[in-house]
Amino acid sequence: MAANTKTSRKVARYAVPVAVAGVAAATVAMVPAFANAGGPDLPKVTAQQLIEKIAGSDVQQLSGTARISTDLGLPSFASGLLGGGGVTGGSAAPQDKVAQLASGTHTFRVAADGPDRQKLTFLDGKDEYSLVHNGNDVWGYDSKSNEVFHEKDAGKGAEHKAADRMAASPRQMAEEALKAAGPTTDVSVGDTAQVAGRDAYQLVLKPKQAGSTVGSVQIAVDAKNGVPLRVQLLSAQGGKPIVDAGFTKVDFAKPAADAFAFTPPKGATVTEGADGAAKGGHGKEFKGLDAFPGLGDLAGRADGNGKGEVKVLGEGWSSVARIDSGADRSLKDLENDKNAPKEAKQFLNSLGDKVSGKFGEGRIFSTRLVNALITDDGKVYVGAVTKDQLVKTADAAK
């Protein structure tokens with residue numbers, strides 16, 4: 001019984017569940033394409049066989065170096081907030097570091113030994129940030145500030161909590177992409193490739209529907225053991241990948257046991273997770289839109305100040321979330337308010353183009369991946385769709 005339990009935990013945590021692969025194989029359009037020239041010469045496989053290979057992978061141990069590059073096309077104002085400009089206080093809490101992955105290029109070392117031990121060490125410049133999951137403990141350490149974050153990860157679902165914090169790995173990203181595959185997705189096998197010196201197939205997911213900002217998701221899969229080695233999110237408009245995350249070096253041998261040991265350095269400031277939560281995010285204060293009077297209301301954060309009602313319009317790659325913020329002030333009110341802070345109006349202008357339609361009037365905030373329409377009546381429409389598709393969806397929902 002113990003062996004069966006261990007096996008089930010391994011499959012649930014470290015592979016795309018077989019059930020998910022089965023659903024994907026039955027519902028997505030399996031284009032009868034095969035791996036072809038342009039990379040290593042590998043035996044031909046179908047998309048269904050490649051999905052099954054990922055699902056059947058039982059690799060639990062690895063170490064190496066990975067890199068993630070993100071180019072959302074964010075304005076410098078927004079990039080500053082995501083890069084930590086909107087956060088004051090310490091810098092060891094995991095969510096703060098993960099937020100920085102939304103912009104720029106980051107390199108990190110990675111190690112894993114089963115569901116109970118993983119480690120990521122970010123190598124940005126001369127400073128390091130380490131995130132360690134070892135048994136029931138999760139540690140975050142920022143060498144620049146000499147601050148430590150600690151949280152007990154005990155109890156039911158502990159390994160899944162830890163997995164959420166390790167979500168930058170190519171494997172996690174590949175699993176999420178496959179879970180999202182459905183009848184609105186074409187799945188095929190692209191050219192073979194070499195990633196981190198290893199032969200790989202490439203699984204290609206493409207939206208069937210028009211209007212998506214996503215051109216395709218390409219997952220490089222280790223030809224030998226089925227581990228996703230790289231995930232690329234490509235824009236429908238072309239250019240460099242929106243997201244490119246993958247190993248530059250990888251070894252599937254068991255890491256040394258002391259790789260996951262952590263003791264707070266002498267003199268370090270240690271923040272316990274429960275204490276930080278009580279202070280609203282580990283003692284930090286996120287400014288964000290609330291840094292500007294009036295914009296906090298328009299954001300409609302479901303915290304009692306707004307309705308916070310969310311409705312999903314459409315399906316698949318062209319789906320759009322509509323949020324009824326219940327804001328007391330409109331964008332036009334803020335624009336015409338002579339007493340509004342200069343910074344608030346600068347932020348408003350950074351939201352982008354003014355648009356109008358059956359829905360009324362509003363502004364569209366654009367990135368290469370996500371577009372958001374903020375209307376004058378306090379509604380927000382957001383999705384990985386083009387501006388035209390966003391306006392079309394808002395008009396149809398009116």
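Right above here is the structure, for reference.
Residues numbered from 1 in each chain as written. Predicted model: local features only at pLDDT ≥ 70, side-chain atom pairs only at ≥ 80, totals over all residues. Heavy atoms only, no water.

Chemist: Kindly report on the overall build of the chain, identifying the contributing residues and their values.
Modeler: A tally of regular secondary structure across the chain gives 12 helices and 22 strands. Split into buried and exposed, the 398 residues of the chain put 46% on the buried side. Within the chain, counting contacts between residues at least 6 apart in sequence, those at least 24 apart form 57% of the total. Carbon and sulfur atoms make up 51% of the accessible area of the chain, which amounts to about 18,900 Å² in all. (Helix = DSSP H or I, 4+ residues; strand = E, 2+ residues; numbered from the N terminus. Buried < 20%, exposed > 50% of the residue type's maximum accessible area, 1.4 Å probe, protein only. Contact = heavy atoms within 4.5 Å. Areas by Shrake-Rupley, 256 points an atom, 1.4 Å probe, with all protein chains shown as cover.)

Chemist: Summarise the packing of aromatic side chains; cite the residues concerned and give the values.
Modeler: Following the criterion strictly, the structure yields 4 aromatic pairs and no others. With 5.4 Å between their ring centres and 45° between their planes, Phe108 and Phe122 make a pair best called tilted. With Phe108 in strand 4 (residues 104–113) and Phe122 in strand 5 (residues 117–124), this residue pair connects regions lying 14 residues apart in the sequence. In this pair, the class of Phe108 matches that of Phe122, namely buried. Consider the rings of Phe122 and Tyr129, whose centres lie 6.0 Å apart with planes at 55°: the pair is tilted. Ring pairing ties together the aromatic residues Phe108, Phe122 and Tyr129, which thus form one cluster. (Phe/Tyr/Trp six-rings, centres within 6.5 Å; stacked < 30°, edge-to-face > 60°.)

Chemist: Go over the side chain of Arg230, please, and point to the residues and values.
Modeler: Tracing the chain through its elements places Arg230 in strand 13 (residues 228–235). Although Arg230 is buried, it forms no salt bridge, and the closest oppositely charged side chain is Asp244 at an N-O distance of 4.6 Å. (Lys, Arg positive; Asp, Glu negative; His and termini not counted. Salt bridge = Lys/Arg side-chain N within 4 Å of Asp/Glu carboxyl O.)

Chemist: Mind laying out the pattern of salt bridges, listing which residues take part and the relevant values?
Modeler: One pass over the structure, following the stated rule, counts 9 salt bridges. In this structure, Lys240 engages Asp71 in a salt bridge whose closest nitrogen and oxygen atoms are separated by 3.9 Å. With Lys240 in the loop between strand 13 and strand 14 (243–251) and Asp71 in the loop between strand 2 (61–70) and helix 4 (76–85), this residue pair connects regions lying 169 residues apart in the sequence. For Asp71, the salt bridge identified is with Arg368, shortest N-O distance 3.2 Å. Residue Asp71 is found in the loop between strand 2 and helix 4, and its partner Arg368 is found in the loop between strand 20 (360–366) and strand 21 (371–375); the two are separated by 297 residues along the sequence. Residues joined by salt bridges that share partners form a network here, namely Asp71, Lys240 and Arg368.

Chemist: Help me get a handle on the nonpolar core, residues and values and all.
Modeler: Residues Leu203, Val217, Ile219, Leu233 and Phe247 are the most contacted members of the largest nonpolar core, which totals 45 residues. Dropping the residues within four chain positions of it, Val217 is found in contact with Ala177, Leu203, Val204, Leu205, Val231, Gln232, Leu233 and Trp317. Core analysis: the second largest hydrophobic core is formed by 11 residues, Phe359, Tyr381, Leu390 and Ala394 among them. (Core = buried A, V, L, I, M, F, W, Y, C linked by side-chain atoms within 4.5 Å.)

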